[in-house]
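Fold and geometry: a report
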Amino acid sequence: MQFSIDRDSVCMGDDVDSHRVTLDVRPQRTLGSLLAQALRTYRLASVGGEVSWIAEVTYGGYRRDERGLVHPPMSHALALLHVPYPEGESTIIPLSNYFLAMPLRQMAERAGGAEVTLNFHYLSEGARWRPEDFIARFK
């Protein structure tokens, strides 16, 4: 089966070319194994600062309901990736063991024939804060 991987652009110069790749994958593979492969082989943009990415699975397009309201594609967060700056080790926080363990075939069935994409959503900020610093700032 075919499965897409894509990521957000991080600046105007980064959005000139598409970041989407389409892979032929075995349907029995899990979303977690696809994410693990993407983390080894798919290039996330590097920027000058501490950032985070949310890895999510999305499917379906924008749709209008019976009341005329427009709804975005379905999405489920899989993991939070933190990239330190200027050095240090990146960290990954799993956010949904349920979806990470889901076979790609099951995800495709859930999507009802719509395109399914592993998407990396860019968060322009992402520096880690100690809880007491966060509380002091936003009390």
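Residues numbered from 1 in each chain as written. Predicted model: local features only at pLDDT ≥ 70, side-chain atom pairs only at ≥ 80, totals over all residues. Heavy atoms only, no water.

1. Structural notes on the overall build of the protein chain
On a plain count of helices and strands, the protein chain comes out with 4 helices and 8 strands. Element order for the protein chain, N to C, with α for helix and β for strand: β-β-α-β-β-β-β-β-α-α-β-α. By principal-axis analysis of the C-alpha atoms, the protein chain measures approximately 45 × 40 × 35 Å. For the protein chain, with 139 residues in total, the buried portion stands at 32%. (Helix = DSSP H or I, 4+ residues; strand = E, 2+ residues; numbered from the N terminus. Buried < 20%, exposed > 50% of the residue type's maximum accessible area, 1.4 Å probe, protein only.)

2. Notes on the sheet that holds strand β2 (residues 21-24)
As a general point, the strands of a sheet are linked pairwise by backbone hydrogen bonds and lie either parallel or antiparallel. Strand order in the open sheet formed by 6 strands is β2-β1-β8-β3-β6-β7, and the pairing between neighbours is mixed. Only two strands of the sheet have a single neighbouring strand rather than two, namely β2 and β7 (91-94). On average, each strand axis in the sheet is tilted by 25 degrees relative to the strand beside it, whichever way the strands run. Two strands pair when backbone bridges link them, and strand β1 (residues 2-7) and strand β8 (residues 116-123) are joined in this way by 4 bridges, in the parallel orientation. The residue of β8 that forms the bridge with S4 is T117. Along the sheet face, helix α1 (residues 31-41) touches β1, β2, β3 (51-59), β6 (74-83), β7 and β8 and points at about 55 degrees away from the line of β8. Strand contacts of helix α3 (residues 104-111): β1, β3, β6 and β8, with the helix running at about 65 degrees to β3, the strand carrying the most contacts. (Pairing = 2+ DSSP bridges. Axes fitted to C-alpha atoms, helices over the stretch in contact; angles between N-to-C directions. Contact = heavy atoms within 4.5 Å.)

3. Details of the layout of surface pockets
Gaps left between atoms show up when a probe the size of a water molecule is rolled over them. The calculated volume of the largest pocket comes to roughly 210 Å³. Forming the boundary of the largest pocket are 16 residues, of which L44, A45, W53, V83 and S90 lie nearest the centre. Those elements giving two or more residues to the lining of the largest pocket turn out to be β3, β6 and β7. Taken together, the residues that form the lining of the largest pocket break down as 12 nonpolar, 4 polar and no charged. (1 Å grid on protein atoms, 1.4 Å probe; cavity = no way out; pocket = protein on both sides within 12 Å on 5 of 7 lines; lining within 4 Å. Points joined across faces, edges and corners; volume = space filled by probe spheres on them. Nonpolar A, V, L, I, M, F, W, Y, C, P; charged D, E, K, R; others polar.)

4. A look at a nonpolar patch on the surface
Residues W129, F134, I135 and F138 make up a contiguous nonpolar surface patch of roughly 450 Å² in combined accessible area. When you line up the elements, F138 lands in helix α4 (residues 131-138). (Patch = residues over 30% accessible without salt bridge, like charges linked within 9 Å, V, L, I, M, F, W, Y side chains within 5 Å. Areas by Shrake-Rupley, 256 points an atom, 1.4 Å probe, with all protein chains shown as cover. Salt bridge = Lys/Arg side-chain N within 4 Å of Asp/Glu carboxyl O.)

5. Quick word on the environment of R20
One can find R20 in the loop between β1 and β2. Expressed as a C-alpha distance, the spacing of R20 and L123, which sit 103 residues apart in the sequence, is 18 Å. Not counting residues up to four positions away in its chain, the partners in contact with R20 are S4, I5, D6, Y42, E115 and T117. In terms of polar contacts, R20 uses its side chain to reach the side chain of S4, at 3.4 Å. A distance of 3.2 Å separates the side chain of R20 from the side chain of T117, its partner in a polar contact. (Polar contact = N/O pair within 3.5 Å; in protein donor to acceptor, adjacent residues only side chain to side chain.)

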